[in-house]
Amino acid sequence: MDVETAIRTRRTHKAYRPEPVERETLGELLELARWAPNHHLTNPWRFRVVGPRALERLKHAAGPESASKLDRAPTLVVCSCKLSGDPVQDEEDLHATAIAAYIVLLAAHGRGLAGYWRTPDVLRTDEGRTAVGLPDDERFVSLLHLGWPIQEKQPPERAPAAELV
C-alpha cells in the first residue's frame, strides 16, 4: 500500500477480533515509529504494550463506566514522551512523539490491522499512570488500540483543504 492510500483509507475502529497483534508485528511497527522526524535526535517517544496485569490495574483506575472501553482491542500500546525540562525541546519532542504514534497507526493499517487513537482521562491520573508504569518525567500522548478489524469503514466527509496564501 502506498503512503497516500494509507493516509486516505486509515480509519478509527472500535470493534476488533479477539486475537492480539503478534509480538513480531508490534516490534516492526515500533521500529518504524523511530523514523519520525525529531529535532536534535532526542528520540523522546516511549511505547509500552499493556499486558494483562497492567490492563486490570488500568481498568480499576478507570472505574466501571470507563473500563469497558479498554476492552475494545486485544492490543493496547501507551505512547508517551520523555521530557527534558526545557520547554521548547519538550514541545518539539511532544510533536515528534505524536508523529511516531501516527506512524504506528499507518504502518498497522498497511498490514491490514485496525487502530484507534485514544486519550483517556485515566492516563492523566496518578493511579492510571502507575498502572502502566509511566514515570513523572514522561507525558502521556496516546493510547493506541490495535487489532484485526471486524468490519470495513467508509471514509467520513472531509472539509476541503484550506487555500494556500
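This text follows the structure it describes.
Residues numbered from 1 in each chain as written. Predicted model: local features only at pLDDT ≥ 70, side-chain atom pairs only at ≥ 80, totals over all residues. Heavy atoms only, no water.

Some details on the overall build of the chain
Here is step 1: Within the chain, the regular secondary structure consists of six helices and four strands.
Here is step 2: Its C-alpha atoms give the chain a radius of gyration of 16 Å, near enough to 15 Å, the size a compact globule of 165 residues would have.
Here is step 3: Dimensions of the chain along its principal axes, counting C-alpha atoms only, are 45 × 40 × 30 Å.
Here is step 4: Expressed as a percentage of contacts within the chain between residues at least 6 apart in sequence, the contacts between residues at least 24 apart total 81%.
Here is step 5: When the accessible area of the chain is evaluated, it comes to approximately 10000 Å², of which 54% is carbon and sulfur surface.
Here is step 6: Seen as two clouds, the 22 positive and the 24 negative side-chain charges of the chain have centres 4 Å apart. (Helix = DSSP H or I, 4+ residues; strand = E, 2+ residues; numbered from the N terminus. Rg over C-alpha atoms; globule rule 2.2 N^0.38 Å. Contact = heavy atoms within 4.5 Å. Areas by Shrake-Rupley, 256 points an atom, 1.4 Å probe, with all protein chains shown as cover. Lys, Arg positive; Asp, Glu negative; His and termini not counted. Charge placed at Lys NZ, Arg CZ, Asp CG, Glu CD.)

Considering the pattern of salt bridges
Here is step 1: One pass over the structure, following the stated rule, counts nine salt bridges.
Here is step 2: Arg34 serves as the salt-bridge partner of Glu31, at 2.9 Å between the closest nitrogen and oxygen.
Here is step 3: Members of the salt-bridge network, linked through shared partners, are Glu56, Lys59 and Asp71. (Salt bridge = Lys/Arg side-chain N within 4 Å of Asp/Glu carboxyl O.)

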